[in-house]
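Chains, contacts and geometry: an overview
Chain by chain, the residues:
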Amino acid sequence: MKIEIMTGNEAIARGAYEASCHLAAAYPGTPSTEILENIADNYADDINSRWASNEKTALEIAAGASIGGMRALAVMKHVGVNVAADPMFTLGMTGVEGGLVIVSADDPACHSSQNEQDNRLYAPHAKLAMVEASDSQECKDYVKAAFEISEKFDIPVLFRMTTRVCHAKSLVKLSDRQEVAVRKYEGNPRKYSMLPANARVRHAKREELLVELEEYACTSPLNRIEWGKSKKIGIVTSGISYQYARDVFGDEVSYLKLGLTYPLPSKLIQSFCEDVETIYVIEENEPYLENKVRALGFACVGKDRLPLLGELNTGIVRKALTDQPDPEVYKSEISAPPRPPVLCAGCPHRGYFNALRKRKRDIVAVGDIGCYALGINEPFNGFDISICMGSGFTVPIGLAEALKKQGDQRKVFGMLGDSTFFHSGMTGLVDVVHSNANVVLCILDNDITAMTGHQANPGTARSLTGEPARVVSIEAMVRATGIEEDRLRIVNPIDQTAMDAAIDAGIKAEGPFVIITQYPCALIKEVARTFVGKYCVIDQDKCTKCKSCLRIACPAIALKDGVIQIVDRQACTACGLCMQVCKFGAISKVGE
Amino acid sequence: MRKNILLIGVGGQGTILTSKILTAGLVELGFDVKMSEIHGMSQRGGSVTTQIRYGEKIYSPNIGEGEADIIVAFERSEALRGLPFLKQGGTIIVNEREIYPLPVMTGAIAYPDNIIENLQKTVGNVLFLEADRIATELGNIRAQNIVLLGALVAFLSLDGIDWSELVGEMVPPRAKELNQKAFAAGFDFYRAHTAKA
Ligand SMILES: Cc1ncc(C[n+]2csc(CCOP(=O)(O)OP(=O)(O)O)c2C)c(N)n1
């Protein structure tokens with residue numbers, strides 16, 4: 001048997017392969033993104049995989065495959081489940097033909113997310129089965145189990161991961177793929193056409209099946225008791241928290257380690273809790289397990305001592321639940337300088353934010369989620385509001401009304417990227433046009449989904465698996481909504497003359513106005529190749545040290561050893577933005 | 001036996017490849033191994049950490065404050081950021097390399113002086129290594145991570161497998177020789193350093 005060290009995400013991909021998953025669809029989002037990338041890289045012959053334009057479409061594509069008889073996987077980050085919630089809740093009623101597994105990758109502590117939310121609460125709400133893994137081996141094994149549970153109990157399975165499970169590596173024993181044939185599509189309108197009459201019947205059926213599933217959960221190998229040296233302390237836990245508990249308490253205590261966590265196995269929890277003296281419930285974020293333990297009538301230690309916010313770790317668990325001292329920590333007299341993430345050298349968003357900043361007094365800007373979110377930092381302070389994907393085009397509509405009502409003359413600008421436009425910006429554009437909103441919408445098209453690590457999107461000429469794909473034209477879509485020539489500017493954002501003119505035209509316009517910036521992400525490999533050997537240089541005789549070039553916050557330019565210089569020639573792409581902000585003509589390009 | 005290793009650096013310095021090679025070697029040596037890293041903003045010049053734990057049986061994939069047996073700082077000031085994770089009596093290997101964060105570049109704050117002296121004052125075991133210079137002399141600064149890997153493997157006394165061969169397998173073919181030399185240079189540097197001490 002082959003053993004490999006894998007991330008949880010790699011193990012999910014492997015598990016899908018071994019389980020004979022036939023189709024996988026996803027929209028990228030940290031920490032889930034690598035699951036589909038791994039499927040495409042390693043199992044493309046066996047699993048039909050694709051990026052969808054958002055999580056709702058991803059889940060619906062997977063649902064169609066499942067209803068058609070395939071084993072199907074839909075993958076998303078935690079907030080993606082909010083987007084996919086509409087089909088997900090109804091699929092909870094319909095059930096499945098081929099197994100349907102929905103991966104939700106949660107991000108406690110918001111390492112790379114706009115919020116912290118515990119998606120375990122979705123399972124009881126949408127009436128889905130739920131599975132949680134605590135390391136890569138379990139990721140692989142439990143995905144296989146999830147497909148089986150899904151088919152056996154006619155239910156979609158929510159596979160709940162967290163950042164530390166997704167991105168941690170541990171050893172995995174590989175198995176062969178067990179071929180499962182696609183089930184023949186028979187068609188069953190009463191089960192899959194959710195009109196009220198059918199929906200009522202399905203709801204009753206779902207409740208019946210959940211009772212059966214809970215019976216199963218009490219004996220499932222995914223839920224196990226590990227008796228330790230003593231029954232004085234019994235720990236109820238799931239997911240990564242199990243690992244922290246193990247690190248702190250070792251074999252001294254007993255564990256109820258839960259892997260099938262909806263429906264929760266009441267009888268099993270009851271018998272474990274009766275057998276131990278004191279119950280600790282160790283879990284991140286919401287008191288999901290704790291509420292169950294309490295509802296069953298047991299007192300326990302949980303969120304009264306463990307934090308509700310952020311991640312747990314071994315140290316937090318130790319401090320909260322034992323009287324062992326914290327390890328001593330070294331402290332130095334000096335501390336590390338802050339190292340905030342920045343827009344890369346050559347990033348097109350820098351040109352946009354630099355131009356926007358010049359008209360700050362006339363504009364209120366609304367941002368969105370993408371690399372351009374970094375524009376909120378110094379020195380650009382590029383927007384005031386950023387809520388969720390797509391909101392960059394819709395929040396401005398209401399905000400403009402609010403400003404108008406209070407006599408605030410400033411123009412509201414909204415911004416989002418190409419991937420975000422396809423995800424949920426298109427509908428906002430339609431709202432703006434149809435309601436004749438007096439706002440300026442900016443689509444920052446860099447040819448790629450950059451923030452999450454360069455995934456293809458409908459505007460890209462290749463698919464997830466590298467095949468040529470038909471490009472959906474953003475410009476054509478904008479024009480199709482009725483935006484006329486004089487309400488549209490398509491500009492190179494590095495070209496400050498054009499960028500300034502577009503922003504000024506937007507400020508002056510009455511009613512909807514759209515700016516599309518077009519310039520590729522500097523990290524795209526084929527693009528980066530064209531920069532090799534090109535960089536800017538600063539003529540020290542002409543430089544007056546006015547620092548204008550430092551105010552564009554380019555990581556290739558620095559004040560070092562008393563002079564302003566291009567400190568990183570490899571990073572510099574010779575985009576030329578710094579040349580345009582230098583009033584003394586001190587900067588020029590080399591290598592063209 | 002359980003060992004905790006923290007790698008800390010700046011996006012683009014090759015911490016991820018380093019940890020990949022190290023964990024592959026540890027697996028080959030028969031250890032239980034876990035590794036944890038936070039991706040995300042790493043490509044945008046932020047600070048990156050990778051945590052590796054190995055031993056007979058490992059549970060948590062991440063390391064808490066005061067728990068790392070060794071820290072390898074790929075960038076000088078990142079050593080300060082990693083310091084709270086060091087166990088009492090632990091060792092810290094610091095690359096000489098300085099990479100200015102944006103607030104330093106724009107002159108808003110100063111890059112700290114005397115980092116090494118400060119570390120030496122606080123921690124007993126500090127190994128200062130010019131991995132960037134060594135790699136540059138060997139042909140490409142990008143091999144600095146493998147110089148550091150060599151020193152780390154020497155520190156951990158991980159005998160029993162051919163590390164040079166493993167490095168050769170895991171780097172791009174055209175960079176094989178350079179990286180094998182880089183590994184040897186780091187390894188020898190550590191051995192020479194401890195022989196002196
Ligand atoms: C609902 C939801 N799904 C996924 C994500 C993860 N995510 C953050 S930004 C982003 C895409 C950004 O791409 P784009 O709009 O093209 O901007 P770029 O980063 O390329 O500038 C994604 C997928 C999210 N935050 N929310």
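Values in this document were obtained by computation on a predicted structure and should not be read as measured data.

A few words now on the overall build of chain A. Secondary structure summary: chain A contains 20 helices and 22 strands in total. Projected onto its principal axes, the C-alpha positions of chain A cover 80 × 65 × 55 Å. Scored against the burial criterion, the 592 residues of chain A give a buried share of 57%. Long-range pairs, those at least 24 residues apart, make up 75% of the contacts in chain A between residues at least 6 apart in sequence. Put simply, chain A shows about 23,800 Å² of open surface, and 51% of that area lies on carbon and sulfur atoms. Treating the 66 positive side-chain charges of chain A as one cloud and the 73 negative ones as another, the clouds have centres 3 Å apart.

It is common to give the size of an interface as the accessible area that goes away when the parts come together. Taken together, the contact pairs 58 residues of chain B with 51 residues of chain A. Carbon and sulfur atoms make up 60% of the area that chain B and chain A hide from each other, which totals about 4,900 Å². Contact with chain A buries area across many residues of chain B, yet B:Arg44, B:Tyr59 and B:Met105 alone supply 16% of it, more than any other trio. The interface formed by chain B and chain A contains six salt bridges.

Below, the discussion takes up the site of the ligand. Residues and elements named next belong to chain A. Glu55, His349, Asp418, Thr420 and Ala450 are the nearest of the 26 residues found near the ligand. Taking glutamine 114, its side chain carries an N or O atom lying 3.1 Å from a nitrogen atom of the ligand. The separation between an oxygen atom of the ligand and a polar main-chain atom of methionine 451 is 2.9 Å. Computed on the free molecule, the ligand has an accessible area of 590 Å², of which 97% lies beneath the protein chains in the complex. Residue assignment for the shell around the ligand shows that the elements contributing at least two residues are helix H4 (78-94) and helix H16 (418-434). In terms of residues, the shell around the ligand owes the most to one element, H16, which gives four residues. Of the residues contributing to the shell around the ligand, the split by class is eleven nonpolar, twelve polar and three charged.

Attention now goes to unusual backbone geometry. Residue and element names in this part refer to chain A. Note the cis peptide between tyrosine 262 and proline 263, where omega equals -10 degrees. Topologically, proline 263 is positioned in the loop between strand S12 (260-262) and helix H11 (266-275). Of note in the backbone geometry, alanine 109 takes a positive phi value of approximately 80 degrees without being a glycine. With respect to the element layout, alanine 109 can be found in the loop between strand S5 (100-106) and helix H5 (122-126). At aspartate 154, a position not held by glycine, the phi torsion is positive, near 50 degrees.

Residue and element names in this part refer to chain A. The buried fraction of strand S11 (residues 254-258) amounts to five of the five residues, a majority that puts the element mostly inside the structure. Burial along S11 is two-sided: the residues Ser254, Leu256 and Leu258 and Tyr255 and Lys257 are all buried. Where strand S9 (residues 224-226) and S11 come together, three bridges link them in antiparallel fashion. When the sheet's bridge partners are listed, arginine 224 is paired in S11 with lysine 257. Pairing analysis gives five bridges linking strand S10 (residues 233-238) to S11, with the strands arranged parallel. Bridge pairing in S11 places threonine 237 opposite lysine 257.

Quick look at the sheet that holds strand S5 (residues 86-95) of chain B now. If you trace the eight strands from one edge of the open sheet to the other, you get S1(A)-S8(A)-S2(B)-S3(B)-S1(B)-S4(B)-S5(B)-S6(B), paired in mixed fashion. One side of each edge strand has no neighbouring strand; the edge strands of this open sheet are strand S1 (3-7) of chain A together with strand S6 (125-129) of chain B. Across this sheet, the average inter-strand angle for adjacent strands is 20 degrees, counted without regard to direction. Where strand S1 (residues 2-10) of chain B meets strand S4 (residues 68-73) of chain B, four bridges bridge the pair, whose relative direction is parallel. Its bridge partner lying in S4(B), B:Leu6 is registered against B:Ile71.

This part covers the packing of helix H6 (residues 144-156) of chain B against helix H8 (residues 176-196) of chain B. Residues and elements named next belong to chain B. Relative to each other, H6 and H8 sit at 45 degrees, their axes nearing to 6 Å. With respect to H8, the element H6 is oriented oblique. The way H6 lies across H8 gives a crossing that is right-handed. Residues Ile146, Val147, Leu149, Gly150, Ala151, Val153, Ala154 and Phe155 of H6 touch H8, and the partners they reach there are Asn179, Ala182, Phe183, Gly186, Phe187, Tyr190 and Arg191. Its residues assigned to classes, the contact of H6 with H8 shows eleven nonpolar, three polar and one charged.

Residues and elements named next belong to chain B. Along the chain, the position of asparagine 179 falls in helix H8. A distance of 2.8 Å separates the side chain of asparagine 179 from the backbone oxygen of alanine 175, its partner in a polar contact. The residues touching asparagine 179, leaving out its near neighbours within four places in the chain, are Ala143, Ile146, Val167 and Val171.

In this section: the sheet that holds strand S15 (residues 411-417) of chain A. Residue and element names in this part refer to chain A. Strand order across the open sheet formed by five strands is S14-S15-S16-S18-S17, with parallel pairing between neighbours. In this open sheet, the two strands that pair with only one neighbour each are strand S14 (363-366) and strand S17 (488-491). Recorded for the sheet is a direction-independent mean angle of 20 degrees between the axes of neighbouring strands. Across six bridges, the pairing between strand S16 (residues 439-445) and strand S18 (residues 513-518) is parallel. The residue of S18 that forms the bridge with isoleucine 443 is isoleucine 516. Against the sheet, helix H14 (residues 348-358) makes contact with S14, S15, S16 and S18, and its axis sits at roughly 175 degrees relative to S15, the strand it touches most. H16 contacts S15, S16 and S18 of the sheet and is inclined by roughly 145 degrees relative to S15.

Residues and elements named next belong to chain A. Between H4 and helix H9 (residues 196-219), whose axes approach to 7 Å, the crossing angle comes to 75 degrees. Judged by the inter-axis angle, H4 sits roughly perpendicular to H9. Here Gly92, Met93 and Thr94 of H4 lie close against H9, whose contacting residues are Arg202, His203 and Arg206. Of the residues contributing to the contact of H4 with H9, the split by class is one nonpolar, three polar and two charged.

Calculation rules
Throughout this description, residue numbers start from 1 for each chain and increase along the sequence as written. Just so you know, chain letters begin at A and ligand numbers begin at 1, following the order they were written in. With the structure being a predicted model, the display of local features is reserved for residues of pLDDT at least 70 and the display and counting of side-chain atom pairs for 80 or more, all residues being used for whole-chain, interface and lining totals. The side-chain figures draw on all heavy atoms in the structure; neither hydrogens nor water molecules are used. Helix and strand definitions follow DSSP, with helices as H or I runs of at least four residues and strands as E runs of at least two, each counted in order from the N terminus. Only protein chains enter the calculation, and the probe is 1.4 Å; a residue is then buried if its accessible area is under 20% of its type maximum, exposed if over 50%, and partly exposed in between. Contact between two residues is taken to exist if any of their heavy atoms lie within 4.5 Å; hydrogens are not considered. Only the protein chains shown count as cover for residues, and the accessible areas themselves come from Shrake-Rupley with a 1.4 Å probe. None of His or the chain ends enter the tally, which takes Lys and Arg as positive and Asp and Glu as negative. Charged groups are reduced to one reference atom each: NZ for lysine, CZ for arginine, CG for aspartic acid, CD for glutamic acid. Buried area: the accessible surface (1.4 Å probe) lost by two parts on joining, summed over both. Every case where a carboxyl oxygen of Asp or Glu lies within 4 Å of a side-chain nitrogen of Lys or Arg is listed as a salt bridge. Near residues are defined by distance, with any heavy atom within 4 Å of the molecule or strand qualifying the residue. Polar contacts, as used here, are pairs of N or O atoms within 3.5 Å; protein pairs need one atom able to donate a hydrogen and one able to accept it. Residues neighboring in sequence count only if both atoms are side-chain atoms. Under the convention adopted here, Pro, Cys and the residues Ala, Val, Leu, Ile, Met, Phe, Trp and Tyr are nonpolar, Asp, Glu, Lys and Arg are charged, and Gly plus all remaining residues are polar. Any two strands with at least two DSSP-identified bridges between them are counted as paired. Orientation is described by axes fitted as lines to C-alpha atoms, over the contacting stretch for helices, and by angles from 0 to 180 degrees between their N-to-C directions. Small angles under 35 degrees read as roughly parallel and large ones over 145 as roughly antiparallel, with 65 to 115 read as roughly perpendicular and the rest as oblique. Left-handed is the label given to a crossing in which the near helix is rotated counterclockwise from the far helix by less than a right angle, and right-handed is the label when the rotation is clockwise.

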